[in-house]
Amino acid sequence: MDEDKIVDIDIHKIMKCLPHRYPFLLVDRILELGEGKIVGLKNVTINEPFFQGHFPDEPVMPGVLVLEAMGQVAAMMIVLRPDMQGMVTYLTGVDKARFRRPVCPGDQLITEALVCKLRGRVGQVKATARVNDEMAAEATFSFVVAKNLLQKG
């Protein structure tokens, strides 16, 4: 892909690409996909199980789950590559994570991820998450791509 293009990758295709399942699948749709760039969407609803305890009187999506949603969008960009199909991305590091605003029920979390490095099956991406064009979080993720966790081939 030479340029970014608007796509509509739905939850069914996402579930074919990622091993995550409810309640841990945190990406609902892929909106754009290009060479080294992806944009994904997570609809945040009050029905999310984590809102029962975080926090009942003022529900806020836990920061680690915002990072997880960002990582899952980034993983889609990698596993959709022809040479990486059938593989899984495993997180090896998170750097420069910053949280700028809370993510609450009713928000649409829009994640954009850009490849910084990809050498063989090891890489790094920079991701941002926004709500209403306002930065919610940003981080740099390091990862390895493998068939499974124990057998890295």
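In case you missed it, the structure is sitting above this.
Notes on the structure follow. Note that the coordinates shown come from a computational prediction; the quantities given were computed from them, not determined experimentally.

Cut-off values and rules
Throughout this document, residue positions are counted from 1 along each chain, in the order its sequence is written. Residues qualify for local features only when their pLDDT is at least 70, as the model is predicted, and side-chain atom pairs are given and counted only at 80 or more; totals for whole chains, interfaces and linings, by contrast, use all residues. Processing note: side-chain calculations cover all non-hydrogen atoms of the structure and skip hydrogens and water entirely. Strands are runs of DSSP state E lasting at least 2 residues, helices are runs of H or I lasting at least 4, and numbering of each runs from the N terminus. What the globule rule says is 2.2 Å times the number of residues to the power 0.38, and the radius of gyration is computed from C-alpha atoms. Between two residues, a contact is recorded if the distance between any of their heavy atoms is within 4.5 Å. Any Lys or Arg side-chain nitrogen found within 4 Å of a carboxyl oxygen on Asp or Glu counts as a salt bridge. One requirement defines pairing of two strands: DSSP has to find at least two bridges between them. Relative accessibility under 20% of the residue-type maximum defines a buried residue, over 50% an exposed one, and the middle range a partly exposed one, all with a 1.4 Å probe and only protein chains included. Any pair of nitrogen or oxygen atoms within 3.5 Å is treated as a polar contact; in protein, a donor-acceptor pairing is required on top of that, and neighbouring residues in sequence qualify only through side-chain atoms on both sides.

Scanning the protein chain from terminus to terminus reveals two helices and seven strands. Reading the protein chain from its N terminus to its C terminus gives the helix and strand order β-α-β-β-α-β-β-β-β. Here the C-alpha radius of gyration of the protein chain, 15 Å, is about what a compact globule of 153 residues would show, namely 15 Å. Counting only C-alpha atoms and orienting by the principal axes, one finds that the protein chain spans roughly 45 × 35 × 30 Å.

Moving on, we get to the environment of Val131. Following the sequence through the fold, Val131 ends up in strand β6 (residues 122–131). Expressed as a C-alpha distance, the spacing of Val131 and Asp107, which sit 24 residues apart in the sequence, is 6.4 Å. Val131 has contacts with Arg101, Val103, Asp107, Gln108, Leu109 and Ala136, leaving out every residue within four places of it along the chain.

What follows concerns the pattern of salt bridges. A complete count under the given rule lists eight salt bridges for this structure. The network of salt bridges with shared partners includes Arg100, Lys126 and Glu138.

Once that is clear, we can look at the pairing of strand β5 (residues 108–119). Two elements, strand β3 (residues 37–43) and β5, share seven bridges in a ladder whose sense is antiparallel. When the bridges of β5 are listed, Gly40 appears paired with Thr111. As paired elements, β5 and β6 share nine bridges and run antiparallel to each other. The residue of β6 that forms the bridge with Leu118 is Gly123. Linking two consecutive strands that pair antiparallel, namely β5 and β6, is a turn of two residues; a positive phi of about 65° is found at Gly120 within it.

Moving on, we get to the pairing of β6. Remark: a regular strand shows side chains that alternate across the two faces of the sheet. Most of β6 sits inside the fold, with seven of its 10 residues counted as buried. Sheet topology places β6 next to strand β7 (residues 134–146); 10 bridges connect them, and they run antiparallel. Each bridged residue has a counterpart across the sheet, and for Val125 the counterpart in β7 is Phe141. As consecutive antiparallel partners, β6 and β7 are separated by two residues, and within that stretch Asn132 has a phi angle of approximately 50°, a positive value.

So, about the side chain of Asp107. Assignment of secondary structure puts Asp107 in the loop between β4 (88–99) and β5. Polar side-chain contacts of Asp107 include one of 3.4 Å to the side chain of Arg101. Excluding residues that lie within four positions of it along the chain, Asp107 makes contacts with Lys42, Asn43, Val44, Arg101, Pro102 and Val131.

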